[in-house]
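Close look at the chain arrangement
Residue strings, one per chain:
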Amino acid sequence: MEKINIIESKAIPLEIENIDTDQIIPARFLKATTREGFGENLFRDWRFDDKGIPKPGFILNNPDRKGKILVAGKNFGSGSSREHAAWALYDYGFRAIVSSFFADIFANNALNNGLLIVQVPDEFLARTFRILNNEPETLIHIDLGKQEISIPGKNLNSAFPINSFKKKCLLEGIDDIDYLLSIKQEILDFEKRIYG
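Residues numbered from 1 in each chain as written. Predicted model: local features only at pLDDT ≥ 70, side-chain atom pairs only at ≥ 80, totals over all residues. Heavy atoms only, no water.

1. Details of the overall build of the protein chain
Helices and strands together make up the secondary structure of the protein chain, namely eight helices and seven strands. Across its three principal directions, the C-alpha atoms of the protein chain cover 65 × 45 × 25 Å. The buried share among the 196 residues of the protein chain stands at 42%. By sequence separation, contacts in the protein chain at least 24 residues apart represent 65% of the contacts at least 6 residues apart. For the protein chain, the computed accessible surface area is about 10500 Å², with 50% contributed by carbon and sulfur atoms. Of the side-chain charges in the protein chain, 25 are positive and 28 negative, and the distance between the mean point of each set is 2 Å. (Helix = DSSP H or I, 4+ residues; strand = E, 2+ residues; numbered from the N terminus. Buried < 20%, exposed > 50% of the residue type's maximum accessible area, 1.4 Å probe, protein only. Contact = heavy atoms within 4.5 Å. Areas by Shrake-Rupley, 256 points an atom, 1.4 Å probe, with all protein chains shown as cover. Lys, Arg positive; Asp, Glu negative; His and termini not counted. Charge placed at Lys NZ, Arg CZ, Asp CG, Glu CD.)

2. Notes on the packing of aromatic side chains
Inspection of every chain in the model, using the stated rule, returns nine aromatic pairs. Ring-pair connections join several aromatic residues into one group, and the members of that group are Phe 43, Trp 46 and Phe 58. When the ring centre of Phe 48 is taken as origin, the NZ or CZ atom of Arg 44, which lies over that ring, is 4.5 Å away. Above the ring of Tyr 90, the side-chain terminus of Arg 95 is found at 3.6 Å from the ring centroid. (Phe/Tyr/Trp six-rings, centres within 6.5 Å; stacked < 30°, edge-to-face > 60°. Lys NZ or Arg CZ within 6 Å of the ring centre and 35° of its normal.)

3. Things to note about the pairing of strand β7 (residues 156–159)
Taken residue by residue, a regular strand's side chains alternate between the two faces of the sheet. Every second residue of β7 is oriented toward a common face, the buried set being Leu 156 and Ser 158 and the non-buried set Asn 157 and Ala 159. In the sheet, strand β6 (residues 148–151) pairs with β7 via four bridges, with the strands oriented antiparallel. The residue bridging Glu 148 from the neighbouring strand is Ala 159, located in β7. (Pairing = 2+ DSSP bridges.)

4. So, the pattern of salt bridges
Inspection of the entire model under this criterion finds nine salt bridges. Asp 45 is the partner of Arg 28 in a salt bridge, and the nearest nitrogen-oxygen pair spans 2.5 Å. Highlighted residues: Arg 28 in the loop between α1 (21–24) and α2 (44–47) and Asp 45 in helix α2, separated in sequence by 17 residues. Judged by relative accessible area, Asp 45 falls into the partly exposed class, the value being 37%. Ionic pairing is found between Lys 168 and Glu 172, a salt bridge with its closest N-O pair at 2.8 Å. With Lys 168 and Glu 172 both in helix α6 (residues 164–172) and four residues apart, the pair spans about one turn of that helix. Judged by its relative accessible area of 35%, Lys 168 falls in the partly exposed class. Residue classification places Glu 172 among the partly exposed positions, given a relative accessible area of 37%. (Salt bridge = Lys/Arg side-chain N within 4 Å of Asp/Glu carboxyl O.)

5. Some remarks on a nonpolar patch on the surface
Where nonpolar side chains cluster on the molecular surface, the patch consists of Phe 190, Ile 194 and Tyr 195 and spans about 390 Å² of accessible area. With respect to the helices, strands and loops of the structure, Tyr 195 is situated in helix α8 (residues 184–195). (Patch = residues over 30% accessible without salt bridge, like charges linked within 9 Å, V, L, I, M, F, W, Y side chains within 5 Å.)

6. Re the nonpolar core
Grouped together as the largest cluster of nonpolar side chains are 53 residues, with contacts concentrated most on Phe 43, Phe 76, Leu 89, Phe 106, Leu 116 and Ile 142. Once residues lying within four places of it in the same chain are set aside, the contact partners of Phe 43 are Leu 14, Ile 19, Gln 23, Ile 24, Phe 58, Leu 60, Leu 70, Phe 76 and Leu 89. (Core = buried A, V, L, I, M, F, W, Y, C linked by side-chain atoms within 4.5 Å.)

7. Points about the sheet that holds β6
Strand order across the open sheet formed by seven strands is β4-β3-β2-β1-β5-β6-β7, with mixed pairing between neighbours. At either end of the open sheet lies a strand with only one pairing partner, and these are β4 (116–119) and β7. Neighbour-to-neighbour, the strand axes of the sheet open up by a mean angle of 25 degrees, direction not taken into account. (Axes fitted to C-alpha atoms, helices over the stretch in contact; angles between N-to-C directions.)

8. As for unusual backbone geometry
Most peptide bonds take the trans form, and the phi angle of most residues other than glycine is negative. For Phe 43, which is not a glycine, the phi torsion comes out positive at approximately 50 degrees. Mapping Phe 43 onto the fold places it in the loop between α1 and α2. Residue Phe 43 is classed as buried on the basis of its relative accessible area of 0%. Here the phi dihedral of Asn 75 falls at roughly 70 degrees; this positive angle occurs in a residue that is not glycine. The topology assignment puts Asn 75 in the loop between β2 (69–72) and α3 (84–92).

This is the structure in C-alpha coordinates:
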(Lines give C-alpha, C1' and ligand atoms only; values in the text may rest on other atoms or scores of the structure.)
Protein backbone atom coordinates (compact mmCIF):
# COMPACT_ATOMS: atom_id res chain seq x y z
CA MET A 1 0.00 0.00 0.00
CA GLU A 2 1.05 3.60 -0.54
CA LYS A 3 2.04 5.61 2.50
CA ILE A 4 -0.42 8.39 3.25
CA ASN A 5 0.50 11.50 5.18
CA ILE A 6 -0.56 14.57 3.21
CA ILE A 7 -3.05 14.48 0.37
CA GLU A 8 -3.58 17.72 -1.51
CA SER A 9 -5.65 17.42 -4.62
CA LYS A 10 -8.59 18.64 -6.59
CA ALA A 11 -11.73 16.77 -5.61
CA ILE A 12 -14.73 15.28 -7.36
CA PRO A 13 -18.05 16.22 -5.75
CA LEU A 14 -20.67 13.46 -5.84
CA GLU A 15 -23.56 15.15 -4.07
CA ILE A 16 -25.72 12.04 -3.63
CA GLU A 17 -26.73 10.57 -0.29
CA ASN A 18 -27.04 6.87 0.60
CA ILE A 19 -24.65 5.59 -2.06
CA ASP A 20 -24.48 1.86 -1.46
CA THR A 21 -21.82 -0.66 -2.40
CA ASP A 22 -23.87 -2.01 -5.31
CA GLN A 23 -23.86 1.45 -6.86
CA ILE A 24 -20.12 1.78 -6.20
CA ILE A 25 -19.37 -1.57 -7.88
CA PRO A 26 -22.34 -3.60 -9.20
CA ALA A 27 -22.45 -7.27 -8.15
CA ARG A 28 -22.04 -8.55 -11.72
CA PHE A 29 -18.43 -7.32 -11.69
CA LEU A 30 -17.33 -9.24 -8.58
CA LYS A 31 -15.87 -12.25 -10.37
CA ALA A 32 -12.20 -11.40 -9.86
CA THR A 33 -10.38 -12.10 -6.62
CA THR A 34 -7.48 -9.68 -7.02
CA ARG A 35 -7.81 -5.95 -6.46
CA GLU A 36 -6.82 -4.78 -9.92
CA GLY A 37 -9.20 -3.74 -12.68
CA PHE A 38 -12.21 -2.79 -10.60
CA GLY A 39 -11.78 0.94 -11.22
CA GLU A 40 -13.02 0.66 -14.79
CA ASN A 41 -16.42 -0.41 -13.44
CA LEU A 42 -16.63 2.09 -10.57
CA PHE A 43 -20.16 3.54 -10.54
CA ARG A 44 -20.68 1.54 -13.73
CA ASP A 45 -24.45 2.03 -14.04
CA TRP A 46 -24.13 5.77 -13.44
CA ARG A 47 -21.11 6.25 -15.72
CA PHE A 48 -22.21 4.19 -18.75
CA ASP A 49 -25.39 3.36 -20.61
CA ASP A 50 -26.43 -0.19 -21.60
CA LYS A 51 -24.11 -0.07 -24.63
CA GLY A 52 -21.08 0.96 -22.57
CA ILE A 53 -21.15 4.56 -23.80
CA PRO A 54 -20.20 7.14 -21.14
CA LYS A 55 -23.13 9.22 -19.90
CA PRO A 56 -22.12 12.87 -20.43
CA GLY A 57 -24.01 14.12 -17.36
CA PHE A 58 -22.16 12.01 -14.80
CA ILE A 59 -19.37 13.89 -13.05
CA LEU A 60 -16.71 11.17 -13.38
CA ASN A 61 -17.13 11.43 -17.16
CA ASN A 62 -16.27 15.13 -17.12
CA PRO A 63 -12.64 15.40 -18.32
CA ASP A 64 -12.21 18.61 -16.31
CA ARG A 65 -13.02 16.82 -13.05
CA LYS A 66 -10.00 14.92 -11.78
CA GLY A 67 -8.51 14.34 -8.38
CA LYS A 68 -7.51 11.88 -5.67
CA ILE A 69 -10.36 12.93 -3.37
CA LEU A 70 -14.03 11.99 -3.72
CA VAL A 71 -16.46 14.15 -1.75
CA ALA A 72 -19.70 12.21 -1.35
CA GLY A 73 -23.09 12.68 0.24
CA LYS A 74 -24.05 11.40 3.67
CA ASN A 75 -24.19 7.64 4.37
CA PHE A 76 -21.59 6.54 1.87
CA GLY A 77 -20.91 2.81 1.46
CA SER A 78 -24.08 1.37 2.92
CA GLY A 79 -25.47 -1.97 1.79
CA SER A 80 -23.48 -5.16 1.42
CA SER A 81 -20.08 -5.72 2.97
CA ARG A 82 -18.23 -6.20 -0.33
CA GLU A 83 -14.59 -5.24 -0.08
CA HIS A 84 -14.61 -4.76 -3.85
CA ALA A 85 -16.17 -1.31 -3.34
CA ALA A 86 -12.98 -0.10 -1.65
CA TRP A 87 -10.89 -1.86 -4.31
CA ALA A 88 -12.81 -0.09 -7.10
CA LEU A 89 -12.41 3.36 -5.57
CA TYR A 90 -8.69 2.81 -4.95
CA ASP A 91 -8.09 1.30 -8.39
CA TYR A 92 -9.81 4.28 -10.01
CA GLY A 93 -7.30 6.57 -8.33
CA PHE A 94 -9.00 7.88 -5.22
CA ARG A 95 -6.93 8.01 -2.04
CA ALA A 96 -9.46 9.71 0.23
CA ILE A 97 -13.24 9.77 0.55
CA VAL A 98 -14.87 12.68 2.38
CA SER A 99 -18.42 12.46 3.72
CA SER A 100 -20.40 13.27 6.85
CA PHE A 101 -21.22 9.60 7.54
CA PHE A 102 -19.87 6.23 6.40
CA ALA A 103 -21.25 2.73 6.81
CA ASP A 104 -19.01 0.97 9.36
CA ILE A 105 -18.15 -2.09 7.26
CA PHE A 106 -17.29 0.02 4.22
CA ALA A 107 -15.13 2.35 6.33
CA ASN A 108 -13.16 -0.59 7.74
CA ASN A 109 -12.75 -2.16 4.30
CA ALA A 110 -11.53 1.15 2.91
CA LEU A 111 -8.98 1.72 5.67
CA ASN A 112 -7.77 -1.88 5.34
CA ASN A 113 -7.08 -1.24 1.66
CA GLY A 114 -5.22 2.07 1.88
CA LEU A 115 -8.19 4.37 1.29
CA LEU A 116 -8.46 7.21 3.82
CA ILE A 117 -11.93 7.85 5.22
CA VAL A 118 -12.49 11.47 6.29
CA GLN A 119 -15.71 11.99 8.25
CA VAL A 120 -16.66 15.66 8.58
CA PRO A 121 -19.58 17.59 10.07
CA ASP A 122 -22.65 18.10 7.87
CA GLU A 123 -22.02 21.85 7.58
CA PHE A 124 -18.41 21.33 6.46
CA LEU A 125 -19.62 18.89 3.80
CA ALA A 126 -22.33 21.28 2.58
CA ARG A 127 -19.87 24.19 2.30
CA THR A 128 -17.36 21.95 0.53
CA PHE A 129 -19.96 20.97 -2.08
CA ARG A 130 -20.81 24.64 -2.68
CA ILE A 131 -17.15 25.55 -3.15
CA LEU A 132 -16.38 22.59 -5.44
CA ASN A 133 -19.48 23.18 -7.57
CA ASN A 134 -18.58 26.85 -8.07
CA GLU A 135 -14.79 26.51 -8.24
CA PRO A 136 -13.78 23.12 -9.70
CA GLU A 137 -10.04 23.89 -9.49
CA THR A 138 -10.19 24.16 -5.68
CA LEU A 139 -7.68 22.04 -3.79
CA ILE A 140 -8.48 20.13 -0.63
CA HIS A 141 -5.69 19.56 1.88
CA ILE A 142 -5.82 16.49 4.13
CA ASP A 143 -3.21 16.00 6.84
CA LEU A 144 -3.51 12.49 8.26
CA GLY A 145 -0.84 13.07 10.90
CA LYS A 146 -2.76 16.02 12.34
CA GLN A 147 -6.15 14.49 11.43
CA GLU A 148 -7.22 17.74 9.77
CA ILE A 149 -8.91 18.60 6.49
CA SER A 150 -8.98 22.09 5.04
CA ILE A 151 -9.64 24.08 1.90
CA PRO A 152 -6.78 26.57 1.61
CA GLY A 153 -7.90 30.16 1.22
CA LYS A 154 -11.51 29.41 2.12
CA ASN A 155 -11.28 29.54 5.94
CA LEU A 156 -12.74 26.05 6.08
CA ASN A 157 -11.17 23.29 8.15
CA SER A 158 -12.16 20.43 10.39
CA ALA A 159 -10.66 17.71 12.50
CA PHE A 160 -11.61 14.13 11.66
CA PRO A 161 -11.53 10.91 13.68
CA ILE A 162 -9.59 7.79 12.79
CA ASN A 163 -8.70 4.60 14.64
CA SER A 164 -5.12 4.97 15.91
CA PHE A 165 -4.02 1.57 14.58
CA LYS A 166 -5.45 2.26 11.11
CA LYS A 167 -3.80 5.69 11.17
CA LYS A 168 -0.43 4.05 11.92
CA CYS A 169 -0.93 1.55 9.08
CA LEU A 170 -1.80 4.28 6.55
CA LEU A 171 1.11 6.48 7.61
CA GLU A 172 3.51 3.54 7.25
CA GLY A 173 1.90 2.08 4.11
CA ILE A 174 1.25 -1.31 5.70
CA ASP A 175 -1.80 -3.50 6.15
CA ASP A 176 -2.75 -5.71 9.10
CA ILE A 177 -0.69 -8.65 7.85
CA ASP A 178 2.38 -6.46 7.28
CA TYR A 179 2.02 -5.22 10.84
CA LEU A 180 1.77 -8.76 12.26
CA LEU A 181 4.82 -9.81 10.27
CA SER A 182 6.73 -6.83 11.68
CA ILE A 183 6.15 -8.11 15.22
CA LYS A 184 6.57 -11.79 14.39
CA GLN A 185 9.44 -12.27 16.84
CA GLU A 186 7.43 -10.69 19.66
CA ILE A 187 4.57 -13.07 18.91
CA LEU A 188 6.91 -16.07 18.89
CA ASP A 189 8.51 -14.94 22.16
CA PHE A 190 5.07 -14.52 23.77
CA GLU A 191 3.98 -17.96 22.54
CA LYS A 192 7.16 -19.49 23.99
CA ARG A 193 6.57 -17.84 27.37
CA ILE A 194 2.97 -19.03 27.53
CA TYR A 195 3.27 -22.52 26.07
CA GLY A 196 6.90 -23.33 26.71
